[in-house]
Amino acid sequence: MKNDNKKGFYFKQYEAPFQSPFDKLFGIFKELITHTSGDFDEAIDWLRELDKEYKLTDEHYTIDDFIEDLKKKGYIRDELKEDGTSGIGITAKTERAIRQQALDNIFGNLKRSGSGNHKTKHSGNGDEHTGEFREFHFGDGLERISLTESLRNAQINNGVADFMLTENDLVVEETQYKSQMSTVLMIDISHSMILYGEDRITPAKKVAMALAELITTRYPKDTLDILVFGNDAWTIAIRDLPYLKVGPYHTNTVAGLQLAMDILRRKRNTNKQIFMITDGKPSCVREKDGSYYMNSNGLDEYIVDKCYNQAQQARKLHIPITTFMIANDPYLQKFVNKFTESNQGKAFYTGLKGLGEMIFEDYETNRKKRIK
């Protein structure tokens, strides 16, 4: 008799999941529109160049067909440019799609995580189960009683024949509070973010978009404010992230920190934090009379001392600062180390690769502890 119950592994050639012509091009388009800071025409020009080199389309589905589908699906719209001429711009639907793609690319391991919010280290009448049990005490809610564990105790204490459940058999499961976090993300948009042939602003934008999508979808009770800093500092809306560009600016870290603390002072959440993405040294401060003091040569003692003072001020407000230094200049490490020491915060010296994963892990870690 033939035995068909075979056990083992079967190997076959990998087959990529099916993608429609539109979906294949749309994934590439979302990357390009991020690199071009929302410039549709430039993104399409790049897409046409890629099509010539890699044969992305054929006679059945062309780039023009793709553009027409973008319009039909509501991803682009006709609009007037700043110079008064007509053009095409992306819609809010595209902005959301870009943020979601950034989240999927950077924080893809979230798909393997459970739902829920972050925990504090404090047990009590919270709303997150810990898997740990204790005896029932007067005042514990009936909904917290673990029926399975209580029945097991009753069997052990009283036997099966004379089964009875008493108050001494009851156990409850410990819970933890879900904390809420207010975060300010600071992004350096000084000119050095695109110097030396390396695009540092696009990865920073992607991280900001992914973090925004993470918080709004997974931790809706948390708050995220995003600010950029060059010669000055100002806040930007999440929807403006795809259009973010660097400018001919110095790096006014002090202004960014001052604005970040002003924002967090108004938040009611106990847990507050600042994430700062930068690639360079502070080189600018604004004086009380409105003038700017700038010095790009080395580390200016006057400027860095003001940075240290802001770090100490944040520490007094119980606001930790996590600095993500995306440059490898050794002489900057001394400044960052002293800045971090002044705040009792953290610093990560990282390149552009892995920046998103690092920020995500630090965000998760910070939300699991109570900042006092």
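Residues numbered from 1 in each chain as written. Predicted model: local features only at pLDDT ≥ 70, side-chain atom pairs only at ≥ 80, totals over all residues. Heavy atoms only, no water.

1. Overview of empty space enclosed by the protein
Let me state the cut-off plainly: Residues are said to line a cavity or pocket when one of their atoms sits within 4 Å of a point; the points come from a 1 Å grid over protein atoms alone, cavities being sets where a 1.4 Å probe fits but cannot get out and pockets being open sets with protein on both sides within 12 Å along at least five of seven lines. Grid points are joined across faces, edges and corners, and a volume is the space filled by probe spheres set on the points. What counts as a helix is a DSSP run of H or I of at least four residues, what counts as a strand is a run of E of at least two, and both are numbered from the N terminus. For this classification, the nonpolar set comprises Ala, Val, Leu, Ile, Met, Phe, Trp, Tyr, Cys and Pro, the charged set comprises Asp, Glu, Lys and Arg, and every other residue, Gly included, is treated as polar.
Enumeration according to the criterion identifies two cavities of 30 Å³ or more in this entry. Of the volumes computed, that of the largest cavity is approximately 70 Å³. In terms of lining, the largest cavity is formed by Thr253, Met276, Thr278, Gly280, Pro282, Thr323, Met325, Phe335, Val336 and Phe339. Taken together, the elements giving at least two residues each to the lining of the largest cavity come down to β9 (271-278), β12 (321-325) and α9 (330-343). Ranked by the residues each element gives to the lining of the largest cavity, the list is headed by α9, at three residues. When the residues that make up the lining of the largest cavity are grouped by side-chain class, the tally is six nonpolar, four polar and no charged. Counted as a void, the second largest cavity has a volume near 60 Å³.

2. Thoughts on the nonpolar core
What counts is decided by this rule: As used in this record, nonpolar core signifies buried Ala, Val, Leu, Ile, Met, Phe, Trp, Tyr and Cys residues forming a set joined through side-chain atoms within 4.5 Å. Three labels apply to residues, based on accessible area from a 1.4 Å probe with only protein chains included: buried if under 20% of the type maximum, exposed if over 50%, partly exposed otherwise in between. Throughout, a residue-residue contact means that at least one pair of heavy atoms, one from each residue, lies within 4.5 Å.
Counting residues in hydrophobic clusters, the biggest one holds 55 residues, and the most contacted among them are Phe29, Phe66, Leu70, Leu185, Ile187 and Leu211. A per-element tally of this core places helix α6 (residues 201-218) first, with 10 residues. Beyond its immediate chain neighbours, meaning those up to four positions away, leucine 70 contacts Phe22, Phe26, Phe29, Phe40, Tyr75 and Ile76. Listed in part, the 26 residues of the second largest apolar core include Val184, Leu257, Ile263 and Leu332.

3. So, the side chain of asparagine 343
Checked against the element boundaries, asparagine 343 lands in helix α9. Apart from residues no more than four positions distant in its own chain, asparagine 343 is found in contact with Ala311, Ala314, Arg315, Ile319, Pro320 and Ile321.

4. A short note on the confidence of the model for the protein chain
We apply this condition: The quantity known as pLDDT measures the predictor's confidence residue by residue, on a range of 0 to 100.
Summing up the model confidence of the protein chain, the mean pLDDT is 85 and the portion of residues at 70 or higher is 87%. For the stretch residues 109-125, pLDDT sits under 50, and the model shows 50 contacts to residues farther than four places along the chain or on other chains.

5. Here we look at unusual backbone geometry
Its identity is not glycine, yet serine 37 carries a phi of approximately 55 degrees, on the positive side. Within the secondary structure layout, serine 37 lies in the loop between α1 (21-35) and α2 (40-54). Judged by relative accessible area, serine 37 falls into the buried class, the value being 14%. Even without being a glycine, lysine 55 presents a positive backbone phi close to 55 degrees. You can see lysine 55 is positioned in the loop between α2 and α3 (63-72).

6. Observations concerning a nonpolar patch on the surface
As a reminder of what qualifies: Each patch is built from residues that are more than 30% exposed by relative accessible area and take part in no salt bridge. Like charges join if they lie within 9 Å; nonpolar side chains (Val, Leu, Ile, Met, Phe, Trp, Tyr) join within 5 Å. All accessible-area figures derive from a Shrake-Rupley calculation using a 1.4 Å probe, and residue coverage is judged against the displayed protein chains alone. Note on definitions: salt bridges are taken to be side-chain nitrogens of Lys or Arg within 4 Å of carboxyl oxygens of Asp or Glu.
A contiguous nonpolar surface patch, about 360 Å² in accessible area, is contributed by Leu147, Leu151, Phe163 and Leu165. Position of phenylalanine 163 relative to the elements: it lies in the loop between α5 (147-158) and β5 (171-178).

7. A few points about the pairing of β9
What counts here: Pairs of strands are assigned from DSSP output, requiring at least two bridges between the strands.
Summarising burial for β9: eight of the eight residues are buried, a large majority. With seven bridges joining them, strand β6 (residues 181-188) and β9 adopt parallel strand pairing. Bridging across to β9, valine 184 finds its partner in isoleucine 274.

8. Considering the pattern of salt bridges
One pass over the full model with this rule turns up 12 salt bridges. Among the salt bridges present, the one from aspartate 64 reaches arginine 48, with a minimum N-O distance of 3.0 Å. On the criterion of sequence distance, the pair formed by aspartate 64 in helix α3 and arginine 48 in helix α2 is long-range, its members being 16 residues apart. Assessed through its relative accessible area of 31%, arginine 48 is described here as partly exposed.

9. Overview of the pairing of β12
A regular strand places its side chains on the two faces of the sheet in alternate fashion. The buried fraction of β12 is high, at five of five residues. With burial as the criterion, each face of β12 is covered, one bearing Ile321, Thr323 and Met325 and the other bearing Thr322 and Phe324. Here β9 pairs with β12 via five bridges, running parallel. Counted as the bridge partner of methionine 276 is threonine 323 from β12.

10. Quick notes on the sheet that holds β6
Put simply, the rule is: Orientation is described by axes fitted as lines to C-alpha atoms, over the contacting stretch for helices, and by angles from 0 to 180 degrees between their N-to-C directions.
The six strands lie next to each other as β8-β7-β6-β9-β12-β13, forming an open sheet whose pairing is mixed. Looking along the sheet, the strands with just one partner apiece sit at the ends: β8 (233-236) and β13 (346-349). Averaged over neighbouring strand pairs, the angle between their axes works out to 20 degrees when direction is ignored. Relative to the sheet, helix α10 (residues 355-367) contacts β6, β9, β12 and β13, its axis offset from that of β9 by approximately 165 degrees.

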